[in-house]
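Here is how the chains run, residue by residue.
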Amino acid sequence: MTQESEKTAVVIVGGGVAGLALGTFLLRSGIQCTILEKRSRQYVENRQRAGSLDAGGMRMLRQWGIEEVVEQAAESPHDDPAESEMPLLVDGEKRLWKMGESGDDEVSSAFCPQQVLVRNLIAVFLRDGGDLRFESEDICLEGVDIARPVVRYRDPTGSARVIDCAIVAGSDGYHGLSRTAIPDDVLRCDTHEFGYAWLTILAEVPADPLATMAVHTRGFAAQITRGPKASRLYLQCPVTDSVEQWSDERIWAELETRFGYPIEVKGPIVSKQVVPLRGVVFSPMSYGRLYLVGDAAHLISPMSAEGMSLALHDAEVLARAVIAYVDKDDTSLLEEYSDTCLDHVWQRQAAAVWLTETMHDSGDPSYAGEFRRQIARANLETLAQPRSTEPS
């Protein structure tokens, strides 16, 4: 079979948040790149994932001139400040989070459904003239440890294609192929298992307020917006649980118990999944001319809601390094990429472990014991506003 060969500066494997952001940053800096995504555009744009961006991520997008992708995707708070508060329910008692300072009065974090953000990033990348190839199958990375790697794949017609490039960015997620190009004796994987899971439920019912979290002796619970007509429900459960143990009726009843009040608006449950909570870090995040970005290099506890923000951080660090290399033949930032990103990743992992254990150990003592529960309850008080002296 004849292979069509071409050249580009950067091949990005994976068309999620990390890959699309990296491609957009490079394209806006005049650097040629190609994004290969194995799934169809329809699948990618409708893939349901958690969505939240911290103030740093929001500020970054604004600095690159693509804040529109979030402005169109973010959930706006109610006009009434009282209605925009995010409740923290502790054994049924309503508390409020202490709101951190972003360092910029004009920038704050935002709930941002990932599928909408991805859809907007795709639109911006293609509008800017980007090269985005969906349904790229059998992707194979060759020679990433030499100066000019080669990426092979089959296009939707079945034709074999070859791209010669200077840099490969692996942003194809935790289960992607990019990381497998790094030899086992080079790549290290460090993990932390929390010992419990989330039963995650997608329900066709809006979340009002946009986020409610609960600490209860039966375990953690939450309802988080996923757009105007959907929300994610989360229930802490043993890692040994299966979805078959959780009927729709049991889910709604357990959410009401942990929230401490009746759920007035219920809706159809679309999907259920048991997800063990863990932290994962692969290092190094680079090997030769291959650079891992986002979930391909690390997973962070979903309690932190920092997955997208970490992906954007990696994308920008790599973009700056590639720009320096292409424009100035300066490889120093590429050489520092792994260490720079890992320093940030470990800082965020530390914060995520603290928050996850605080929110989960402070509820059901059967997981970590009463001593840890009391420690977590003390830590919880540092996150919550003082109790109101007014009657509820």
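Residues numbered from 1 in each chain as written. Predicted model: local features only at pLDDT ≥ 70, side-chain atom pairs only at ≥ 80, totals over all residues. Heavy atoms only, no water.

Caption draft 1: Inspection of the sheet that holds strand E14 (residues 211-215) at higher detail. Strand order in the open sheet formed by eight strands is E6-E5-E14-E15-E16-E13-E17-E20, and the pairing between neighbours is mixed. What marks the edges here is a single partner per strand, and that holds for strand E6 (93-96) and strand E20 (298-299). Sheet analysis places strand E5 (residues 87-90) next to E14, joined by three bridges and oriented parallel. Residue pairing across strands places Val90 opposite Val215, the latter belonging to E14. Together, E5, strand E13 (188-203), E14, strand E16 (231-237), strand E17 (269-283) and E20 form the strand contacts of helix H8 (residues 332-361), whose direction differs from that of E13 by roughly 50 degrees. (Pairing = 2+ DSSP bridges. Helix = DSSP H or I, 4+ residues; strand = E, 2+ residues; numbered from the N terminus. Contact = heavy atoms within 4.5 Å. Axes fitted to C-alpha atoms, helices over the stretch in contact; angles between N-to-C directions.)

Caption draft 2: Quick peek at the packing of aromatic side chains. Within this structure, the stated rule accounts for eight aromatic pairs. Taking the centre distance of 5.5 Å and the plane angle of 80 degrees together, the rings of Tyr196 and Tyr367 count as edge-to-face. Taken together, the residues span a long stretch of sequence, with Tyr196 in strand E13 and Tyr367 in the loop between H8 and helix H9 (370-381) at a distance of 171 residues. Among the residues examined, Tyr196 registers a relative accessible area of 1% and is labelled buried. Here Trp198 and Tyr234 contribute two aromatic rings whose centre-to-centre distance is 4.6 Å and whose plane-to-plane angle is 50 degrees, an arrangement assigned as tilted. With Trp198 in strand E13 and Tyr234 in strand E16, this pair connects stretches of sequence that are 36 residues apart. By relative accessible area, Trp198 is classed as buried at 5%. (Phe/Tyr/Trp six-rings, centres within 6.5 Å; stacked < 30°, edge-to-face > 60°. Buried < 20%, exposed > 50% of the residue type's maximum accessible area, 1.4 Å probe, protein only.)

Caption draft 3: Focus on the nonpolar core. In terms of nonpolar packing, the biggest core is built from 76 residues, with Leu26, Leu117 and Leu318 touching the most fellow members. Ranked by the residues each element gives to this core, the list is headed by helix H7 (residues 307-328), at twelve residues. Counting residues in hydrophobic clusters, the runner-up holds 20 residues, among them Trp97, Phe194, Ala211 and Leu355. (Core = buried A, V, L, I, M, F, W, Y, C linked by side-chain atoms within 4.5 Å.)

Caption draft 4: Structural detail: the state of the cysteines. By the definition in use, this model includes zero disulfides. Note on Cys165: no disulfide assigned, nearest cysteine sulfur contributed by Cys33 at a separation of 11 Å. A relative accessible area of 0% means that Cys165 is categorised as buried. The thiol sulfur of Cys189 is not disulfide-bonded, and the nearest other cysteine sulfur, from Cys341, lies at 17 Å. (Disulfide = S-S within 2.5 Å.)

Caption draft 5: Fine view of the sheet that holds strand E18 (residues 286-287). Read from one edge to the other, the open sheet built from six strands follows the order E8-E3-E2-E12-E19-E18, with strand pairing classed as mixed. Both edges of this open sheet fall to strand E8 (131-133) and E18, since each of them pairs with a single strand only.

Caption draft 6: View of a negative patch on the surface. The grouping of Asp329, Asp330, Glu335, Glu336, Asp339 and Asp343 at the surface amounts to a negative patch. Within the secondary structure, Asp330 sits in the loop between H7 and H8. (Patch = residues over 30% accessible without salt bridge, like charges linked within 9 Å, V, L, I, M, F, W, Y side chains within 5 Å. Areas by Shrake-Rupley, 256 points an atom, 1.4 Å probe, with all protein chains shown as cover. Salt bridge = Lys/Arg side-chain N within 4 Å of Asp/Glu carboxyl O. Lys, Arg positive; Asp, Glu negative; His and termini not counted. Charge placed at Lys NZ, Arg CZ, Asp CG, Glu CD.)

Caption draft 7: Structural view of the pattern of salt bridges. This model, assessed by the stated rule, comprises 25 salt bridges. Between Arg95 and Glu381 there is a salt bridge whose closest N-O contact spans 3.0 Å. In this pair, Arg95 is assigned in strand E6 and Glu381 in helix H9, connecting sequence segments 286 residues apart. Residue classification places Arg95 among the buried positions, given a relative accessible area of 3%. The closest approach of N and O atoms between Glu357 and Arg372, which form a salt bridge, is 3.4 Å. You can see Glu357 sitting in helix H8 and its partner Arg372 sitting in helix H9, a full 15 residues away along the chain. According to the relative accessible area criterion, Glu357 is partly exposed, its value standing at 21%. Taking relative accessible area as the criterion, Arg372 reaches 34% and is therefore assigned partly exposed. Each of Glu6, Asp131, Arg133, Asp155 and Arg161 takes part in a single network of salt bridges with overlapping partners.

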